[in-house]
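As a plain string of letters, each chain reads:
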Amino acid sequence: MMTKTPTVLGLACLLLLGGCNQAEHEKPEEHPKLEATTPFREDTAVTKEYVCQIHAIRHIEVRALERGYLQNIFVDEGQMVKQGQPMFKIMPNIYQAELAKAKAEASTMNIEYLNTKALAEKNIVSTNELALAKAKLEKAEADVKLMETHLGFTDINAPFDGVMDHLQARNGSLLDEGDLLTTLSDISKLWVYFNVPESEYLDFKTHKQGNTPVQVQLRMANGQVFNQNGVIETIEADFDNSAGNIEFRATFPNPDKLLRHGETGTILMAKPYPNAMLIPQKATFEIMDKTYVYVITPEGKLEQRLIHIENQLPHLFIIKDGLKDDDKVLLEGLRKVHAGEDVDIELKSPDKVRSELELYTE
């Protein structure tokens, strides 16, 4: 009796296990319940970034116009100067003497002309001699104006409001005509140059509406965005074939004189997408460089759908085509399911999905 008891117990267990397995096979197959949503629309924009060079609207070299010793410097490096403000003076002694000499010769020619005119009125000399005397007087007066101009060149004044750069000469330096003294930059406005690829240039020209100016922003070298917006004013005529780029120029006001000539930064140009269709990036997958989503059909089956992406935002894709507004798009479990499979879904509103994405971004 003792030897038969384990055998009976073993048979009973086998029967019970067999019954359990049979019961499990008889249970209906459960479909996975996965999150899904529908595409949503909103006005949005994608910001493109371009490395840029910052230039003063006027940047000139201040040079000596006459030869001589540099007698005075009235300004300092980095100083803001006003239009007409004295900057440099070249020793004027020689030019003052030449002007005095020219004035004396002009006085002599004037006396000679008046005497000849009196004689011509009495028919003592011919009209030709009077004309010759008048020409000599006019030449002498022109020499006076020329010497006054040369003397005026010894005073070098600011041609416009601006900020000075390094001094290239010091008091007592012997200057030749054309020697560099400093550079002067008008930074009341800035010209900011940046290169745009050919494809983005074509998009820009295609989407630009009439003569409406396109505004851009400038991110400075310290990472902060400049507090003034700029406007794209010009585009160069030709492409750089070696790089496939074309140069744009934006103009920025600089009322606080914060930015200077020669700085660098990054242009931020927003491309608008009105009423764009958006879906989360996590709802997509790629096969052979093509992008797909799973769409749930009215029968509850998965359909693999090819889509085309126009652009992207943080955690979102802007859809060019491939989806309709009422399509239900699978959000999770993309690697665990297959096309044609039945699924149960929990449909989330686009607002809830968007808020979860923004929370994740933060």
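See the structure printed just above.
Everything numeric in this text was worked out from a predicted model, so none of it was measured. Think of each chain on its own: its residues are numbered from 1, step by step along the sequence as written. Local features are withheld for residues below a pLDDT of 70 in this predicted model, meaning they are given only at 70 or higher, and side-chain atom pairs are given and counted only at 80 or more; totals for whole chains, interfaces and linings count all residues. Values reported for side chains reflect all heavy atoms of the structure, with hydrogen atoms and water molecules removed beforehand.

Caption draft 1: Representation of the overall build of the protein chain within the structure. Across its full length, the protein chain carries five helices and 19 strands. Burial status follows relative accessibility: with a 1.4 Å probe on protein chains alone, a residue under 20% of its type maximum counts as buried, one over 50% as exposed, and anything between as partly exposed. Taken across its 362 residues, the protein chain has 34% of its residues classed as buried. In this description, contact between two residues means that some pair of their heavy atoms is separated by no more than 4.5 Å. Put simply, of all contacts in the protein chain between residues at least 6 apart along the chain, 75% involve residues at least 24 apart. Summed over all atoms, the accessible surface of the protein chain reaches about 22800 Å², with 51% contributed by carbon and sulfur. A run of DSSP states H or I qualifies as a helix once it reaches four residues; a run of E qualifies as a strand once it reaches two. Both are numbered from the N-terminal end. Here, Shrake-Rupley sampling with a 1.4 Å probe gives the accessible areas, and only protein chains in the shown set may cover a residue.

Caption draft 2: Focus on the layout of surface pockets. Using a grid of 1 Å spacing that covers the protein atoms alone, one calls a set of points a cavity when a 1.4 Å probe fits there but cannot get out, and a pocket when the set is open and has protein on both sides within 12 Å along at least five of seven lines; lining residues are those with an atom within 4 Å of a point. Grid points are joined across faces, edges and corners, and a volume is the space filled by probe spheres set on the points. Put simply, the largest pocket is a space of about 640 Å³. Around the largest pocket, the lining is made up of 26 residues, and of these Phe204, His207, Ala270, Lys271 and Pro272 lie nearest the centre. Of all the elements in the fold, those that place two or more residues in the lining of the largest pocket are strand 2 (40-63), helix 4 (198-207), strand 10 (215-219), strand 13 (264-280) and strand 16 (302-313). With eight residues, strand 13 is the largest single contributor of residues to the lining of the largest pocket. Charged residues are taken to be Asp, Glu, Lys and Arg, nonpolar residues to be Ala, Val, Leu, Ile, Met, Phe, Trp, Tyr, Cys and Pro, and polar residues to be all remaining types, Gly included. Class assignment of the residues belonging to the lining of the largest pocket gives a composition of 12 nonpolar, eight polar and six charged.

Caption draft 3: Broad picture of unusual backbone geometry. Here Lys257, not a glycine, exhibits a phi torsion of approximately 55°, which is positive. One non-glycine residue, Met288, lies in positive phi territory at about 55°. Inspection of the secondary structure puts Met288 in the loop between strand 14 (284-287) and strand 15 (290-296).

Caption draft 4: Region of the structure containing the side chain of Asp327. For Asp327, the location among the structural elements is in the loop between strand 17 (316-321) and strand 18 (328-330). On the basis of relative accessible area, Asp327 is assigned to the buried category, the value being 7%. Definition of a polar contact: a pair of N or O atoms within 3.5 Å, with one able to donate and the other able to accept a hydrogen when the atoms are protein atoms, and with sequence-neighbouring residues admitted only if both atoms are side-chain atoms. Here the side chain of Asp327 touches Arg305 through a polar contact of 3.1 Å, side chain to side chain. From its side chain, Asp327 meets the backbone nitrogen of Lys324 in a polar contact 2.8 Å long. Discounting chain neighbours no more than four positions away, the residues touching Asp327 are Thr37, Thr38, Pro39, Val295 and Arg305.

Caption draft 5: Examining the pairing of strand 11 (residues 230-235) more closely. Pairs of strands are assigned from DSSP output, requiring at least two bridges between the strands. Note that strand 10 and strand 11 share two bridges and pair antiparallel. Counted as the bridge partner of Gln215 is Val231 from strand 11. In this sheet, strand 12 (residues 245-253) lies alongside strand 11 in antiparallel orientation, the contact comprising four bridges. Paired with Ile232 across the two strands is Ala250, which belongs to strand 12.

Caption draft 6: Region of interest: the nonpolar core. Core analysis: the biggest nonpolar cluster contains 25 residues, and Phe194, Leu218, Ile232, Phe248, Phe252 and Ile267 have the highest contact counts within it. Going through the elements one at a time, strand 2, strand 9 (180-197), helix 4, strand 10, strand 12 and strand 13 are the ones with two or more residues in this core. Setting aside anything within four residues of it in sequence, one finds Phe252 in contact with Lys189, Leu190, Val192, Val216, Gln217, Leu218, Phe226, Gln228, Asn229, Gly230 and Ile267. Grouping buried Ala, Val, Leu, Ile, Met, Phe, Trp, Tyr and Cys residues that are joined through side-chain atoms within 4.5 Å yields what is termed a nonpolar core. Counting 21 residues, the second-largest nonpolar core is a separate cluster that includes Leu278, Val293, Val329 and Val353.

Caption draft 7: The sheet that holds strand 5 (residues 86-90), seen in detail. Spatially, 6-5-3-8 is the arrangement adopted by the four strands of the open sheet, whose pairing is antiparallel. Either end of the sheet is taken by a strand with one partner, and the two such strands are strand 6 (155-157) and strand 8 (174-175). Alignment of strand 5 against strand 6, held across three bridges, turns out to be antiparallel. When the sheet's bridge partners are listed, Pro86 is paired in strand 6 with Asn157.

Caption draft 8: Seen up close, the packing of helix 2 (residues 93-121) against helix 3 (residues 127-152). Here the axes come from fitting lines to C-alpha atoms, over the contacting stretch only for helices, and the angles between their N-to-C directions go from 0 to 180 degrees. It is the contact of helix 2 with helix 3, at a shortest axis distance of 8 Å, that shows an interaxial angle of 165°. Classified by the interaxial angle, the pair formed by helix 2 and helix 3 is roughly antiparallel. Crossing handedness for the pair helix 2 and helix 3: left-handed. Counted by class, the contact of helix 2 with helix 3 contains 14 nonpolar, four polar and 11 charged residues. Orientation labels follow simple angle bins: below 35 degrees gives roughly parallel, above 145 gives roughly antiparallel, 65 to 115 gives roughly perpendicular, and whatever is left gives oblique. The handedness criterion is simple: a crossing whose near helix is rotated anticlockwise from the far helix by less than a right angle is left-handed, and one whose near helix is rotated clockwise is right-handed.

Caption draft 9: Layout of the packing of aromatic side chains. In this scheme Phe, Tyr and Trp rings, the latter by its six-membered ring, pair at centre separations within 6.5 Å, and the angle between planes marks the pair as stacked below 30 degrees, edge-to-face above 60, and tilted otherwise. Overall, the coordinates contain eight aromatic pairs when judged by the stated rule. Where Tyr50 meets Phe194, the ring centres are 5.5 Å apart and the plane angle is 35°; that geometry is what we call tilted. Of the two residues, Tyr50 sits in strand 2 while Phe194 sits in strand 9, which places them 144 residues apart along the sequence. Of the two residues examined, Tyr50 and Phe194, each falls in the buried class. Here the aromatic rings of Tyr201 and Phe248 are separated by 6.4 Å at their centres, their planes lie at 85°, and the arrangement is edge-to-face. In this pair, Tyr201 sits in helix 4 while Phe248 sits in strand 12, placing the two residues 47 residues apart along the sequence. For Tyr201, a relative accessible area of 18% gives the class buried.

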